[in-house]
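# Chains, contacts and geometry: an overview
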Amino acid sequence: INDLYLVWIAGSDNTANLANWALLFTYQHPEWLAELREELDAWDGVDVKAPANMSRLKATIMETNRIRPGQFVLNKYASHDFKFDGYHLAEGTDVMHAHVLAHYMEEFYPDPFSFVPSRFVHSGKFAAKTDGTFGGGTHICLGRNNAMFQSTLIVAHVLKNYDIDYLTKPSFEVRVTYNGGRLEEPILANLKPRNS
């Protein structure tokens, strides 16, 4: 059931979560929004491969995934008895795996609870062995590429073509919960075409 649940949410919930938070965070940082729009304004909006070469857009998506991943913990079961850090876990033990814990560690990401996409502009990647996004590792989510592609295009098109006036202001406090800190309150916004 847990595996089926993760497959179900990957296509809609994770994509929507990533796109919404990327837009919310970007609009909270007008200087970053202006830099990002410089990059997006040079794009024709048609070539769907072009965003892969946009360092600021990529950094925005990466930082959003770092601070607001789709899941903070994954439910796992021990397939056999094993010891970890002096603890014995029996086969069948329910284990909550905090696969994105390193996203919030100062030694890897200074000021980890702040949205700082510029940290990814030059490197274009997470610190070594810290990326738990989409589960990370050898068992990474099968829907990762689809969610990343769709979310990136949504964010790119909205930021390139619209100004957003948020009528309600969400809380930006990071809530580390099983559901990845989803937006739990309704957020009303007006979208106005930028070229009108």
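As the structure is a prediction and not an experimental result, all values here were calculated from the model. (Residues numbered from 1 in each chain as written. Predicted model: local features only at pLDDT ≥ 70, side-chain atom pairs only at ≥ 80, totals over all residues. Heavy atoms only, no water.)

## Points about the overall build of the protein chain
Tallying secondary structure elements over the protein chain gives 4 helices and 6 strands in all. Sequence-ordered secondary structure for the protein chain, helices as α and strands as β, is α-α-α-β-β-β-β-α-β-β. Expressed as a percentage of the 196 residues in the protein chain, the buried residues total 40%. The long-range fraction of contacts in the protein chain, counting pairs at least 24 apart against all pairs at least 6 apart in sequence, stands at 70%. (Helix = DSSP H or I, 4+ residues; strand = E, 2+ residues; numbered from the N terminus. Buried < 20%, exposed > 50% of the residue type's maximum accessible area, 1.4 Å probe, protein only. Contact = heavy atoms within 4.5 Å.)

## Points about helix α3 (residues 55-67)
Here α3 spans 18 Å end to end across 13 residues, near enough to the 18 Å set by a 1.5 Å rise per residue. Burial runs high along α3: 10 of the 13 residues are buried. Taken as a whole, α3 has its buried residues at L57, A59, T60, I61, M62, E63, T64, N65, R66 and I67. (Expected span 1.5 Å × (residues − 1).)

## Notes on the packing of helix α2 (residues 30-41) against helix α4 (residues 144-161)
It is at 9 Å that the axes of α2 and α4 come closest, and there the two elements cross at 100 degrees. As the angle between them shows, α2 and α4 are arranged roughly perpendicular. Along its contact with α2, which presents L33, L36, R37, L40 and D41, the element α4 presents A156, L159 and K160. Residues belonging to the contact of α2 with α4 are distributed by class as follows: 5 nonpolar, no polar and 3 charged. (Axes fitted to C-alpha atoms, helices over the stretch in contact; angles between N-to-C directions. Parallel < 35°, antiparallel > 145°, perpendicular 65-115°, else oblique. Nonpolar A, V, L, I, M, F, W, Y, C, P; charged D, E, K, R; others polar.)

## Notes on the packing of aromatic side chains
Inspection of the entire model under this criterion finds 7 aromatic pairs. Pairwise contacts between aromatic rings join W21, F25 and F115 into one cluster. In this structure, R68 packs its charged tip against the face of W21, placed 3.9 Å from the ring centre. (Phe/Tyr/Trp six-rings, centres within 6.5 Å; stacked < 30°, edge-to-face > 60°. Lys NZ or Arg CZ within 6 Å of the ring centre and 35° of its normal.)

## Side note on the nonpolar core
Formed by 37 residues in total, the largest nonpolar core has its most connected members in L23, L40, W43, L57, V155 and L159. Sorting the residues of this core by element identifies α1 (2-27), α2, α3, α4 and β5 (162-166) as the ones contributing at least two each. Among the elements that line this core, the one with the most residues is α1, at 8 residues. The residues contacting L159, other than those within four sequence positions of it, are L23, T26, Y27, L33, L36, R37, L40 and R194. (Core = buried A, V, L, I, M, F, W, Y, C linked by side-chain atoms within 4.5 Å.)

## Topic: the pattern of salt bridges
Throughout the structure, instances matching the rule amount to 5 salt bridges. Close ionic contact of R194 with D41 constitutes a salt bridge, the shortest N to O distance being 2.9 Å. Of this pair, R194 sits in the segment after β6 (189-193) while D41 sits in helix α2, and the two are 153 residues apart along the sequence. Residue classification places R194 among the partly exposed positions, given a relative accessible area of 26%. Within the structure, one salt-bridge network assembled from shared partners comprises E63, R66 and R119. (Salt bridge = Lys/Arg side-chain N within 4 Å of Asp/Glu carboxyl O.)

## Comments concerning the environment of G45
As for its position among the elements, G45 is in the loop between α2 and α3. Separated by 108 residues in the primary sequence, G45 and L153 have C-alpha atoms spaced 9.0 Å apart. Beyond its immediate chain neighbours, meaning those up to four positions away, G45 contacts H157 and K160.

## Remarks on the packing of α3 against α4
At a minimum axis distance of 11 Å, the contact between α3 and α4 shows a crossing angle of 120 degrees. Of the possible angle classes, the one that applies to α3 and α4 is oblique. Of the two possible hands of crossing, α3 and α4 adopt the one that is right-handed. Here L57, I61 and N65 of α3 come into contact with α4, specifically with M148, S151, T152, V155 and A156. For the contact of α3 with α4, the class distribution of residues is 5 nonpolar, 3 polar and no charged. (Left-handed = near helix turned anticlockwise from the far one by under 90°.)

## As for α4
The periodicity of an α-helix, 3.6 residues per turn, causes residues three or four positions apart to be oriented the same way. For α4, spanning 18 residues, the distance from its first C-alpha to its last is 26 Å, which sits close to the expected 26 Å at 1.5 Å a residue. Along α4, the residues classified as buried are A147, M148, S151, T152, L153, V155, A156, V158, L159 and K160.

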